[in-house]
Amino acid sequence: MRILEKLLTLMFLIGSLLKIFSVIGGGILIVFSLSLLSIIYFVFSFALFNDLTIRDLFKRQVYVSVSSIRMISNIVLGIVLSSVCTGMMFYIQHWQGGL
């Protein structure tokens, strides 16, 4: 999961460079990478920030070692990061709803 996060971040940076230099495809790369990153943060934030695999999410033993405050904070952090990714996408693309 970490590899996918790093790959999407790299795609966003490449897309940003392409958009700065007005190369065709930069906007598409930004929208694609930030959309997927936003979905990953929103859906898999608990697993991502607790270093769990997808298979570990369905095991009961994993939840015993994680405190409830950490669970809630990781879920809230995922929602916030998802909103930040979406806001960045709207701002960079100059869409309605961005700053």
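Residues numbered from 1 in each chain as written. Predicted model: local features only at pLDDT ≥ 70, side-chain atom pairs only at ≥ 80, totals over all residues. Heavy atoms only, no water.

Enquirer: Help me out: how do you make sense of the environment of Ile40 in this one?
Expert: Inspection of the secondary structure puts Ile40 in helix α2 (residues 26-49). A C-alpha to C-alpha distance of 9.2 Å links Ile40 and Leu4, two positions 36 residues apart in sequence. Here Ile40 is in contact with Met1, Leu4, Leu8, Ser45 and Leu48, once residues within four sequence places are set aside. (Helix = DSSP H or I, 4+ residues; strand = E, 2+ residues; numbered from the N terminus. Contact = heavy atoms within 4.5 Å.)

Enquirer: Would you mind showing me how to read α2 here?
Expert: Think of an α-helix as turning once every 3.6 residues; residues three or four places apart then point the same way. Its 24 residues give α2 an end-to-end C-alpha distance of only 29 Å, which falls more than 12% under 34 Å, the value for a rise of 1.5 Å per residue. The axis of α2 is deflected most strongly, by about 70°, at Val43. Where α2 ends, the next residue or the one after it, Asp51, has phi of about 55°, a positive value. (Expected span 1.5 Å × (residues − 1). Bend = angle between axes of the 7 residues up to and from the residue.)

Enquirer: Please clarify how unusual backbone geometry should be interpreted in this entry.
Expert: With the exception of glycine, the majority of residues adopt a negative phi angle, and the majority of peptide bonds are in the trans configuration. If you check the backbone angles, Asp51 has positive phi at about 55° while not being a glycine. Within the secondary structure, Asp51 sits in the loop between α2 and α3 (60-64).

Enquirer: How should the confidence of the model for the protein chain be read in this particular structure?
Expert: Parts of the model with low pLDDT should not have their predicted coordinates read in detail. Summing up the model confidence of the protein chain, the mean pLDDT is 90 and the portion of residues at 70 or higher is 98%. Between the elements of the protein chain, mean pLDDT differs from a low of 83, seen in α3, to a high of 94, seen in helix α1 (residues 2-20). (pLDDT = per-residue confidence, 0-100.)

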